[in-house]
Amino acid sequence: MRRLEQLFVRLNAAVVIACLTGMVLVVGANVALRFSTNHSLSWSDEVARYLMIWMTFLGAGLALRQGGHVAITNLHDVMSTRTQRILRAAIVAILLFFFAYMVQVGWDYMQRAQYQMSPALRLSFRYVYAAMPVGFILLIVHLLIIAKSFIMAGHYHHASGETESMPGAANG
């Protein structure tokens, strides 16, 4: 199971890195062309924007599993261990509900935008809006993978076997 988790995380990270690399290459090429030929690529802004959108939604799950999202821990830090676990379980349940709801909302947006075309690329906005349901599905998967260790101990066990305290969960 650990190997499958490692593969999942590495694949997710590789796609995020590919999005970032694509953005850098497109924007860099556009800047170089603008300075060397005084002309720019008409589609570069769109490609960079859409890659940024995809990178954000695909990278959110990786940030979640590392405790990279905002956390306010004042209340959590003064609770007993048992109460902390109950709070963390409630947080996981609320997040799962929210993520599932956002998958549905994203799917709806994607369906509504399918006939709109981007100005330069003539790409259906369906492909841009698909980042939302895909990203929230990945958030659900990442959360389910780390949920038990987060609820029980406030720790995340890396796919490599290391243990790391998560923000907001240091005392559990």
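Above this text is the structure in question.
This write-up is about the structure you can find in this document. Note that the coordinates shown come from a computational prediction; the quantities given were computed from them, not determined experimentally.

### Observations regarding the overall build of the protein chain
- Per the secondary structure count, the protein chain includes six helices and two strands.
- Counted from the first residue to the last, the protein chain has its helices and strands arranged as α-α-α-α-α-α-β-β.
- The buried share of the protein chain, taken over its 172 residues, is 36%.
- Taking as baseline every contact in the protein chain between residues at least 6 positions apart, the subset at least 24 positions apart corresponds to 67%.
- Accessible area of the protein chain: about 10500 Å², with a carbon and sulfur share of 68%.

### Things to note about the packing of aromatic side chains
- Scanning the entire structure with this criterion turns up seven aromatic pairs.
- Each member of the aromatic cluster is reached from another via a ring pair, and the members are Tyr 50, Tyr 109, Phe 125 and Tyr 129.
- In this structure, Arg 88 packs its charged tip against the face of Phe 150, placed 5.9 Å from the ring centre.

### Notes on the packing of helix H1 (residues 2-37) against helix H2 (residues 44-65)
- Packing of H1 against H2 leaves a shortest axis separation of 9 Å and a crossing angle of 155 degrees. Judged by the angle between their axes, H1 and H2 are roughly antiparallel. Pair H1 / H2 crosses with left-handed handedness.
- Here the residues of the contact of H1 with H2 are counted per class, giving 17 nonpolar, five polar and two charged.

### With respect to the environment of Gln 66
- By secondary structure assignment, the location of Gln 66 is in the loop between H2 and helix H3 (74-77).
- For Gln 66, a relative accessible area of 35% gives the class partly exposed.

### With respect to a nonpolar patch on the surface
- Together, Met 1, Leu 4 and Leu 7 line one region of the surface with nonpolar side chains, adding up to about 410 Å² of accessible area.
- Inspection of the secondary structure assignment puts Leu 4 in helix H1.

### A short note on the side chain of Gln 84
- Position of Gln 84 among the secondary structure elements: in helix H4 (residues 81-112).
- Among the polar contacts made by the side chain of Gln 84, one reaches the main-chain carbonyl oxygen of His 76 at a distance of 2.9 Å.

### Side note on the nonpolar core
- With 14 residues, the main nonpolar core has Leu 64, Val 92, Phe 99, Met 132, Phe 136, Leu 139 and Leu 143 as its most contacted residues.
- At the level of secondary structure, the elements contributing two or more residues to this core comprise H2, H4 and helix H6 (131-153).
- Per-element tally for this core: the top contributor is H6, with seven residues.
- Counting residues in hydrophobic clusters, the runner-up holds eight residues, among them Val 9, Cys 19, Met 55 and Leu 58.

### Topic: H1
- Taking 1.5 Å as the rise per residue, H1 with 36 residues should run 52 Å; its terminal C-alpha atoms sit 51 Å apart, in good agreement.
- Glu 5, Val 9, Asn 12, Val 16, Cys 19, Gly 22, Met 23, Val 26 and Asn 30 are the residues of H1 that are buried.
- Following H1 by one or two positions, Asn 38 has its phi on the positive side, about 65 degrees.

So, how was this worked out
- Residues numbered from 1 in each chain as written.
- Predicted model: local features only at pLDDT ≥ 70, side-chain atom pairs only at ≥ 80, totals over all residues.
- Heavy atoms only, no water.
- Helix = DSSP H or I, 4+ residues; strand = E, 2+ residues; numbered from the N terminus.
- Buried < 20%, exposed > 50% of the residue type's maximum accessible area, 1.4 Å probe, protein only.
- Contact = heavy atoms within 4.5 Å.
- Areas by Shrake-Rupley, 256 points an atom, 1.4 Å probe, with all protein chains shown as cover.
- Phe/Tyr/Trp six-rings, centres within 6.5 Å; stacked < 30°, edge-to-face > 60°.
- Lys NZ or Arg CZ within 6 Å of the ring centre and 35° of its normal.
- Axes fitted to C-alpha atoms, helices over the stretch in contact; angles between N-to-C directions.
- Parallel < 35°, antiparallel > 145°, perpendicular 65-115°, else oblique.
- Left-handed = near helix turned anticlockwise from the far one by under 90°.
- Nonpolar A, V, L, I, M, F, W, Y, C, P; charged D, E, K, R; others polar.
- Patch = residues over 30% accessible without salt bridge, like charges linked within 9 Å, V, L, I, M, F, W, Y side chains within 5 Å.
- Salt bridge = Lys/Arg side-chain N within 4 Å of Asp/Glu carboxyl O.
- Polar contact = N/O pair within 3.5 Å; in protein donor to acceptor, adjacent residues only side chain to side chain.
- Core = buried A, V, L, I, M, F, W, Y, C linked by side-chain atoms within 4.5 Å.
- Expected span 1.5 Å × (residues − 1).

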